[in-house]
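# Observations on chain architecture
Chain by chain, the residues:
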Amino acid sequence: MALINLWCFCLASFVSCVALADPQVPCYFIYGDSLADPGNNNDLNTVAKANYAPYGVDFPGGPNPTGRFTNGRTYVDFIAQSLGFTDFIPPISGRSAPSFIGVNYASGAAGILEETGETNGDRISLGKQLSAHKETLNRLPAIWSTTKEDVTSRLSRCLYTIGIGSNDYVNNYFLPQSYSSMSQYDPKAFAKVLITEHSNAIKALYDMGARKIAFVGVGHIGFTPLEFKLLWPGAENATKLNDAIDLFNAELKASVSSLKKDMPDAKITFLDTVAISSGGPQQSVEGIVSCCKNIDTGSQVTCVKDDSTICADRSKALFFDNIHPTEAVNEAVSARYYTAKDASDAYPYDIQTLVSP
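Read on for a plain summary of the structure. (Residues numbered from 1 in each chain as written. Predicted model: local features only at pLDDT ≥ 70, side-chain atom pairs only at ≥ 80, totals over all residues. Heavy atoms only, no water.)

### Brief notes about the nonpolar core
- Among the nonpolar cores identified, the biggest contains 57 residues, and F29, Y31, Y160, Y169, L205, F215 and F248 are the most heavily contacted of them.
- For this core, the leading source of residues is helix α6 (residues 187–207), giving eight residues.
- In contact with Y169, not counting residues within four places along its chain, are F174, L175, F190, A191, L194, I221, A244, I245 and F248.
- With 32 residues, the next largest nonpolar core counts V25, F85, L159 and F228 among its residues. (Core = buried A, V, L, I, M, F, W, Y, C linked by side-chain atoms within 4.5 Å. Buried < 20%, exposed > 50% of the residue type's maximum accessible area, 1.4 Å probe, protein only. Helix = DSSP H or I, 4+ residues; strand = E, 2+ residues; numbered from the N terminus. Contact = heavy atoms within 4.5 Å.)

In structure tokens, the structure reads:
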């Protein structure tokens, strides 16, 4: 069997981040999809939810299916730890807590485009995540018991990460039986459509006070069990899907410089998931497997409820279900988001540098 580069790299290569005594930023706001969802989809009418076992089997403190699409923590959980937060950034339902540290708006099946993921049911699109953030900001003077001017000052020192776009391919462009985007756009044109919407969202965040912003690049979806084994099987199709992702990531990286022209006092960076993930050893296609049995639905993504046959050593597995990485992979990748190992990991700098004064 031919060997290929998986989008996830050697699990043993990461360096764990040590939480600091005091957070490096006053708050952390997270926008994204199922890779970062902390349970926002739990009460939505959707098949894209993970609030049941075996999800959360390795969550800190004991098995706890919080709604995270993995066996433990997500990559943003690890970023929060690296920043020095001792608590997880709460979902939307927990944004009014007195000890406010930010909000995680991420939602499974969500995309940059409003229609993305609609075949799964309800989800909180990027546009709706921004609307929710606007509501949060209206509450902050009361939550922090301070003035609007002080709120503005604090927001400028907070971290904002936006990791979204994979569903615009998995649950839109590469589902031609359900969406018309493939017939309307070639991959390059579609990437530009996504970046236009993404850039508009960043400008809206900037207008709401964001000044330290990180774009999380999309991983190579062609090397996920869902695509490689089920929907678009084989190496030739994997190349087709991954080439489309490369076009999007290239546009996303380029938007860092173009947005800076309109937002000169903002610090913006691009975290290159593909570059980080391709740094590991060659993996055989037999490694592109789910750790759990997957529900036989249209999406074929999520684990069967209460599955007791999950793989025994999740620390060596790449995928927990048919598309979402394991906690070990999330920890490894997030370590290099936070502290770049190679120059290609981030442009122009990693999160540690981004949040520095």
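### Digging into helix α1 (residues 75–83)
- The buried fraction of α1 amounts to eight of the nine residues, a majority that puts the element mostly inside the structure.
- Residues Y75, V76, D77, F78, I79, A80, S82 and L83 constitute the buried set of α1.
- Turning to α1, the residues buried within the fold contact β2 (28–32), β3 (102–104), β4 (159–163), β5 (212–216), α10 (327–338) and α11 (351–354).

### Re the side chain of R123
- With respect to the element layout, R123 can be found in the loop between β3 and α2 (126–144).
- Buried and without a salt bridge, R123 has E118 as its closest oppositely charged side chain, separated by 4.4 Å.
- One polar contact links the side chain of R123 to the main-chain carbonyl oxygen of G121, over a distance of 3.1 Å.
- Not counting chain neighbours up to four residues away, the residues in contact with R123 comprise L44, S107, G108, A109, A110, E114, E115, T116, G117, E118 and K128. (Lys, Arg positive; Asp, Glu negative; His and termini not counted. Salt bridge = Lys/Arg side-chain N within 4 Å of Asp/Glu carboxyl O. Polar contact = N/O pair within 3.5 Å; in protein donor to acceptor, adjacent residues only side chain to side chain.)

The quantities given are spatial measurements derived from coordinates; they are silent on function.
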